[in-house]
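As a plain string of letters, each chain reads:
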Amino acid sequence: MSQPALDAALEDWRRSLPPEAVLTGSELDPYHINCLSLDRVIPAALRPTSEADVLQIVQIARRHKTRLYAFSTGHNWGYGTALPVADNCVLVDLSRMNRILSMDPDLGLVTLEPGVTQKQLYDYLAERGLDFFVPTTGAGPTASVLANALERGFGMTPIEDHFAAVTSLRAVLANGTVYQPYMSGIGATTADGVYKWGLGPYLDGLFTQSNFGIVTSAQIALVRRPEHTEVFLFTQQRGTTLAAMVDACREMMADLRGPLGGVKFLNRKQVENTFGVAKVGPGFPEDYDWAAVGVLHGTRAMVPALRKGVRRGLQAQVSALRFVNDEKIVWLRRLGSLAPGSLKRSLLDAAARVEQVMHIMHGNPRGLELRLAYRYVPLPKAQPWDPVRDGVGIFWYAPVLPLKGEIITRLCDMAVATLGKYGFDQTISFTTLSERCAIGVVPIIYRKTEAEETKKAHECFHTLWREGEALGCPPYRINIAAMPELSDPARSVYFQMVQALKSALDPDDILSPGRYGPS
Ligand SMILES: Cc1cc2nc3c(=O)[nH]c(=O)nc-3n(C[C@H](O)[C@H](O)[C@H](O)COP(=O)(O)OP(=O)(O)OC[C@H]3O[C@@H](n4cnc5c(N)ncnc54)[C@H](O)[C@@H]3O)c2cc1C
């Protein structure tokens, strides 16, 4: 992009947008900070407040052949934050497009803009007495609901796979038109919202992990909170392998499909870095290698049968299987307040830890898991925490894991060895998305102030990525530094097709060049 073209585009954007919507110079400083220690040339940032603004932005970019890079709240910590894949992209910061456009409480369908955060949706529902789960993630209250779904992120509230809950969306295309699915296009927006696949070729998915459009709103299916939610916690039994525990878990999930939500396995270091202590709680062994937490949703009447099913499924492989719900936490607190000496502290701390877990399971975003990222920087006293502002260095390695004990064990062994080789904490967890699949979550947490450590973090990620692929477990999502290597069309017919689609939809490569595709 030439300087005269950029100047001309800026002049047009300034004419068509209010002054506070066009940022240049030092106003761009916050956009440069990122958790991967990358540098990008960012000439300007635009802050639209409506789809009409986005249309104008794209039409002007098209006229002057200027590159754009859109994001929603820019909290893509560990994957790129708000940085573009390529240099010289004008950022399109959609965080001011933060309206909840509609909510159908009967069908549990919300339509929202990209800037709507988890906390905002939580407050909106609470104020109206609408008892639905917010799609909650470890990124916490300030992250965008819509962007997480576009990255195909996941959490532990139903529907765990966040793009699975997106039933319809609108996107501005590079040619200056607005995409919407056929059904919405003829005015049947509710039908479109209840039936994800629409009519005709399914195209909404093209806007996830891609650069085919700027998504301006989406309809998302929310799940009503059931009468009862409780978690179960367990640790690995002495003499049992991780593989045996995973296999038992898969069989249990197949049996209890529906009321049984996700199960998250955490190695000891992950527990320690998340909660500040490695101890799970009173009654749990202290020398465990793996702990896990699962969640059950249903009516009160279902609870005894569900607990029985979990016990039957897991008991042979796990130790200290405990069921905890809100009432039990109150009871644990009461018991703690009456207990003497160190038992008091132990019970009250355990109650506080499980309560944090219950917040996540209830879909109440509090940002508990962000603590993990603050390994080398002090935790701020005030919420909300913001890893990028606070100087956190983190890469995520998140492989797709077929839910087979043997495969998961091999992958975990490789991750432990690789993290150890580079000198990073061997922090590993994986969360089931179904009785077939889990996603591994391996952070590389490093000191951004140390040049050598930063270099090692990049290398460590690359080794994990490639060694994981050799074991048959590619990442479900990848950081911006890895995208050019990922999408080299010379190496894959898949990316040749992506390139052909991109050329048809965006021949001048205006939108997010290089994002999950060849530039
Ligand atoms: C400690 C910690 C825990 C985390 N836990 C989780 C977790 O549990 N689950 C999880 O999924 N992630 C997790 N993350 C990763 C990440 O922070 C979240 O996924 C977060 O939601 C992404 O940031 P965002 O919502 O602001 O998305 P953005 O940064 O706004 O968007 C991400 C990318 O999507 C594209 N994009 C966004 N919006 C649009 C749009 N409207 N149109 C076109 N393209 C768009 C852009 O390319 C953008 O760069 C965690 C991170 C940390 C540090």
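Trainee: So what about a nonpolar patch on the surface? Which residues, and what values?
Mentor: Taken together, the side chains of Leu-107, Val-194, Tyr-195 and Trp-197 present a nonpolar region at the surface, about 430 Å² in accessible area. Residue placement: Tyr-195 occurs in the loop between helix H7 (189-194) and strand S9 (214-221).

Trainee: Break down the nonpolar core for me, citing the residues and quoting the values.
Mentor: Grouped together as the largest cluster of nonpolar side chains are 67 residues, with contacts concentrated most on Phe-232, Phe-234, Phe-265, Leu-314 and Phe-430. Considering every element that reaches this core, the biggest residue donor is helix H13 (residues 405-422), with eight residues. Ignoring any residue separated from it by four or fewer positions in sequence, one finds Leu-314 in contact with Phe-232, Phe-234, Ala-248, Cys-249, Met-252 and Leu-321. By size, the runner-up hydrophobic cluster in this structure holds 30 residues, among which are Ile-100, Leu-146, Ala-149 and Ala-171.

Trainee: For the sheet that holds S9, give the residues involved together with the corresponding values.
Mentor: Taking strand neighbours across the sheet as the criterion, the five strands line up as S5-S6-S9-S7-S8 in an open arrangement whose pairing is antiparallel. The sheet is open, and its two borders are formed by strand S5 (100-104) and strand S8 (178-179), each paired with just one other strand. This element, helix H4 (residues 118-127), spans S5 and strand S6 (109-112) of the sheet and lies at about 45° to S5.

Trainee: Help me get a handle on the side chain of Gln-236, residues and values and all.
Mentor: Positionally, Gln-236 belongs in strand S10 (residues 228-236). A residue is classified by how much of its surface remains accessible, and Gln-236, at 13% relative accessible area, is buried. A distance of 2.7 Å separates the side chain of Gln-236 from the backbone oxygen of Thr-240, its partner in a polar contact. Filtering out sequence-adjacent residues up to four positions away, Gln-236 remains in contact with Thr-241, Leu-242, Met-245, Asp-289, Trp-290, Gln-317 and Ser-319.

Trainee: Let's hear about the sheet that holds strand S1 (residues 22-23): which residues, and what values?
Mentor: Taking strand neighbours across the sheet as the criterion, the four strands line up as S1-S2-S4-S3 in an open arrangement whose pairing is mixed. On the outer flanks of this sheet lie S1 and strand S3 (68-71), each paired with one strand and no other. Alignment of S1 against strand S2 (residues 45-46), held across two bridges, turns out to be antiparallel. Across the sheet, residue Val-22 finds its bridge partner in S2, namely Leu-46.

Trainee: Tell me about unusual backbone geometry, residues and numbers included.
Mentor: The omega angle of the peptide bond from Pro-158 to Ile-159 is 0°, so this bond is cis rather than trans. By the element assignment, Ile-159 lies in the loop between helix H5 (145-150) and strand S7 (166-172). Following Gln-383, the chain continues into Pro-384 via a peptide bond in cis, with omega recorded as -5°. Take Pro-384: it is sitting in the loop between helix H12 (341-361) and strand S14 (393-397). The phi torsion at Gln-209 lies on the positive side, around 40°, for a residue other than glycine. With respect to the element layout, Gln-209 can be found in the loop between H7 and S9.

Trainee: Describe in detail the pattern of salt bridges, supporting the description with residues and values.
Mentor: When the charged atoms of two side chains with opposite charge come close together, those side chains can pair. On inspection of all chains with the given rule, the structure shows 32 salt bridges. For Glu-51, the salt bridge goes to Arg-170, with nearest N and O atoms at 2.7 Å. One end of the pair, Glu-51, is in helix H3 (residues 51-64); the other, Arg-170, is in strand S7, and 119 residues separate them in sequence. Beyond isolated ion pairs, a larger network of salt bridges with shared partners links Glu-11, Asp-12, Arg-15 and Arg-63.

Trainee: Could you give an account of the side chain of Asn-267, naming the residues involved and the relevant values?
Mentor: Checked against the element boundaries, Asn-267 lands in strand S11 (residues 260-267). Only 2.8 Å separates the side chain of Asn-267 from the backbone oxygen of Gln-426, close enough to count as a polar contact. Dropping the residues within four chain positions of it, Asn-267 is found in contact with Asp-289, Trp-290, Gln-426, Thr-427 and Ile-428.

Trainee: Go over the domain arrangement of the chain with me, naming the residues and quoting the values.
Mentor: According to the domain assignment, the chain consists of domain 1 (3-95), domain 2 (98-221), domain 3 (228-361), domain 4 (393-479) and domain 5 (482-519). Taking only C-alpha atoms into account, the centre of domain 1 sits 20 Å from that of domain 5. Each side of the interface is counted separately: domain 1 has 12 residues, and domain 5 has 11 residues. Across the domain 1/domain 5 interface, buried area totals approximately 830 Å², and carbon plus sulfur atoms make up 64% of it. The salt bridge involving Lys-65 is made with Asp-508; its shortest N-O contact spans 3.6 Å. Inspection of the domain 1/domain 5 interface yields two residue pairs in polar contact (both at pLDDT 80 or more).

Trainee: I'd love a proper account of helix H8 (residues 242-255), names of residues and values included.
Mentor: The α-helix advances 3.6 residues per turn, and as a result positions three or four apart in sequence lie on the same side. Counted at 1.5 Å a residue, the expected span for H8 with its 14 residues is 20 Å, and the 20 Å between its end C-alpha atoms agrees. Of the positions making up H8, those classed as buried are Leu-242, Ala-243, Met-245, Val-246, Ala-248, Cys-249, Met-252 and Met-253.

Calculation criteria
- Residues numbered from 1 in each chain as written.
- Predicted model: local features only at pLDDT ≥ 70, side-chain atom pairs only at ≥ 80, totals over all residues.
- Heavy atoms only, no water.
- Patch = residues over 30% accessible without salt bridge, like charges linked within 9 Å, V, L, I, M, F, W, Y side chains within 5 Å.
- Areas by Shrake-Rupley, 256 points an atom, 1.4 Å probe, with all protein chains shown as cover.
- Salt bridge = Lys/Arg side-chain N within 4 Å of Asp/Glu carboxyl O.
- Helix = DSSP H or I, 4+ residues; strand = E, 2+ residues; numbered from the N terminus.
- Core = buried A, V, L, I, M, F, W, Y, C linked by side-chain atoms within 4.5 Å.
- Buried < 20%, exposed > 50% of the residue type's maximum accessible area, 1.4 Å probe, protein only.
- Contact = heavy atoms within 4.5 Å.
- Pairing = 2+ DSSP bridges.
- Axes fitted to C-alpha atoms, helices over the stretch in contact; angles between N-to-C directions.
- Polar contact = N/O pair within 3.5 Å; in protein donor to acceptor, adjacent residues only side chain to side chain.
- Domains from an automatic or database assignment.
- Buried area = accessible area lost by both parts, 1.4 Å probe.
- Expected span 1.5 Å × (residues − 1).

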